[in-house]
Amino acid sequence: MKHRPDRAILGVTSLDNAGMNRSFEDLVAEADAAPVEGWDFSWLEGRATEERPSWGYQRLMSKRLASATAGLDIQTGGGEVLAEAPAFPATMVATESWPPNVAKATRLLHPRGVVVVADPDEPPLPFADEAFDLLTSRHPATVWWKEIARVLRAGGTYFAQHVGPQTSWELVEYFRGPQPGEARHRRHPDLETAEARAAGLEILDVRTERLRMEFFDAGAVVYFLRKVIWTVPGFTVDKYHDRLLQLHQHIQEQGAFIAHSTRTLIEARKP
């Protein structure tokens, strides 16, 4: 299949059908043993794709970082997205909670002068009031709007790409069954912008897009669920062996398992 510039597997752009002729046991065992630290999805190259949002978060983030004086990247993962920025403010800090990611981000970002702080992703952020004029985050698991407002200087901005409602919902309900109605509305942009305003922030921009995901073998699904752990909490191959086998058979017959992600771009300012 030809290269599709509008598609990526969370950053990787090529695909093939390499998993189609391999056994279920081989695919699942390989994916279950693969390391999942960091936020690099290159292991899935040729095995899954996801459409990119049209706005280009990394490019827009880099532009804002270049004109900031003190920046904070919240829940930076392994630092891969932040590291793509060509220039940083004079003061640049990143936070992360998962120890393997903290170590990876430190190796990647320290040589460029970025301080990586181990933080539990719960209030309070370990910084003084009005410490930063720019906060960024790509796919934070939680968003603490009052803390964002507290550490922003007057006139400072929060610029982020959030995971939107019903992301990977086809996978969620395939493994967990039908979910309650309120679960479908979590991370809805209307709710998030209301929470931001309640914290004293002004909304400058908010955009949402629904994007197609394709998984071409059962191992790709296993790897994804091991890495994006909030999709199916408590996921293990043993626990979901039978459903994985049925999914493998579905992919063999249909060529892919189709799901969808939602992404929200949001920019808010502290008056």
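Residues numbered from 1 in each chain as written. Predicted model: local features only at pLDDT ≥ 70, side-chain atom pairs only at ≥ 80, totals over all residues. Heavy atoms only, no water.

*Asks:* Before we go on, may I ask you to explain the pattern of salt bridges in this structure?
*Replies:* Opposite charge on two side chains lets them pair, provided their charged atoms get close. Tallied over the entire structure, the rule returns 16 salt bridges. Between Arg47 and Glu30 there is a salt bridge, and its shortest N-O distance comes to 3.2 Å. Here Arg47 is found in the loop between helix H1 (24–33) and strand S2 (48–51), whereas its partner Glu30 is found in helix H1, with 17 residues between them in sequence. Assessed through its relative accessible area of 8%, Arg47 is described here as buried. Arg184 is the partner of Glu173 in a salt bridge, and the nearest nitrogen-oxygen pair spans 3.1 Å. On the criterion of sequence distance, the pair formed by Glu173 in helix H6 (residues 169–176) and Arg184 in the loop between H6 and helix H7 (189–198) is long-range, its members being 11 residues apart. Of the residues examined, Glu173 reaches a relative accessible area of 23% and is grouped as partly exposed. (Salt bridge = Lys/Arg side-chain N within 4 Å of Asp/Glu carboxyl O. Helix = DSSP H or I, 4+ residues; strand = E, 2+ residues; numbered from the N terminus. Buried < 20%, exposed > 50% of the residue type's maximum accessible area, 1.4 Å probe, protein only.)

*Asks:* Would you take a moment to explain the packing of helix H8 (residues 218–227) against helix H9 (residues 241–254) for this structure?
*Replies:* Geometry of a packed helix pair, given as the angle between the helix axes and the separation of the axes. Two elements in contact, H8 and H9, have axes whose closest approach is 9 Å; the angle formed by their N-to-C orientations is 135 degrees. The orientation of H8 with respect to H9, classified from their angle, is oblique. Together, Ala218, Val221 and Val222 of H8 and Leu244, Leu247, His248 and Ile251 of H9 make up the contact between the two elements. By residue class, the composition of the contact of H8 with H9 is 6 nonpolar, 1 polar and no charged. (Axes fitted to C-alpha atoms, helices over the stretch in contact; angles between N-to-C directions. Parallel < 35°, antiparallel > 145°, perpendicular 65-115°, else oblique. Contact = heavy atoms within 4.5 Å. Nonpolar A, V, L, I, M, F, W, Y, C, P; charged D, E, K, R; others polar.)

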